[in-house]
Amino acid sequence: MAKELVIDPEEIFVGNEKFVKFIKDEEIQKRIAEMGMEIAREYRSKFPIFIGVLNGSFMFLADLLKNVPIKCEIDFFKLSSYGDEKISSGKVKLIKELNADITDRHVIVVEDIVDTGLSIKFIKEMMNEMNPASLKIASLLLKPGSLKHNVKIDYIGFEIPDKFVLGYGLDYAQKFRNLKSIYKLEE
Ligand code: 5GP
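Not measured: the values here are computed from a predicted model. (Residues numbered from 1 in each chain as written. Predicted model: local features only at pLDDT ≥ 70, side-chain atom pairs only at ≥ 80, totals over all residues. Heavy atoms only, no water.)

Asks: Any chance you could explain the side chain of Asp-112 here in plain terms?
Replies: Checked against the element boundaries, Asp-112 lands in strand 6 (residues 106–114). One buried charged residue, Asp-112, remains without a salt bridge, the closest side chain of opposite sign being Arg-177 at 5.4 Å. (Helix = DSSP H or I, 4+ residues; strand = E, 2+ residues; numbered from the N terminus. Buried < 20%, exposed > 50% of the residue type's maximum accessible area, 1.4 Å probe, protein only. Lys, Arg positive; Asp, Glu negative; His and termini not counted. Salt bridge = Lys/Arg side-chain N within 4 Å of Asp/Glu carboxyl O.)

Asks: Sorry if this is basic, but what is going on with unusual backbone geometry here?
Replies: In most cases, non-glycine residues show a negative phi, while peptide bonds are predominantly trans. Between Leu-54 and the following residue, Asn-55, the backbone shows a cis peptide bond with an omega angle of -5°. If you check the backbone angles, Asp-8 has positive phi at about 60° while not being a glycine. Considering the arrangement of structural elements, one finds Asp-8 in the segment before strand 1 (11–14). The phi dihedral of Gln-174 is positive, around 70°, even though this residue is not glycine. One can find Gln-174 in the loop between strand 9 (165–166) and strand 10 (182–186). Taking the relative accessible area as the measure of exposure, Gln-174 reaches 41% and is therefore partly exposed.

Asks: Just checking my understanding: could you explain the environment of Asn-67 for this structure?
Replies: Among the structural elements, Asn-67 can be located in the loop between helix 2 (58–65) and strand 4 (73–79). With relative accessibility at 21%, the residue Asn-67 sits in the partly exposed group. Ignoring any residue separated from it by four or fewer positions in sequence, one finds Asn-67 in contact with Ile-32, Ala-33, Gly-36 and Met-37. (Contact = heavy atoms within 4.5 Å.)

What follows is the structure, given as structure tokens:
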């Protein structure tokens, strides 16, 4: 018989790996509302452009911007991902370019998670070449224990331990992005 469909399950199994609910939907939404209001206050007269890093940030960007009630624009670009692995390849490549002209614009890059910091370092260097008026980074998650590059993250949702997580935009081999909560690998 087919398994029952469950929205927001307590645990997820991928083969024999078990992921347990770690940051609940309600906690995520509460924190995002706080981040949104903070960003809105700072940028209310600046007509900023929010730039989401695909694919992982799509859910965070959508929920964040529902909480930023100011005039703004939105665009996306895409970097090469982990592939189907849980460990970074250590290389970053641009695979979908930004369409917007960010010269003299106030830019806020929206990321799902900062792990080693390599992607954000790459993004900052790439964006700074386009001469924005200002550049800040918002990330829902940060793993301070994994940081290898000296990058400043201006808005952080949650600091988490150095464990692989999925859900709420974050994938495991492209799956599980549609979960409402964030799950952590149980070891
Ligand atoms: P960094 O370049 O900072 O090492 O890694 C950033 C990118 O790696 C994120 O945008 C995300 O795509 C991926 N990543 C890092 N840690 C995790 C994790 O725990 N789970 C998932 N699903 N992706 C991660």
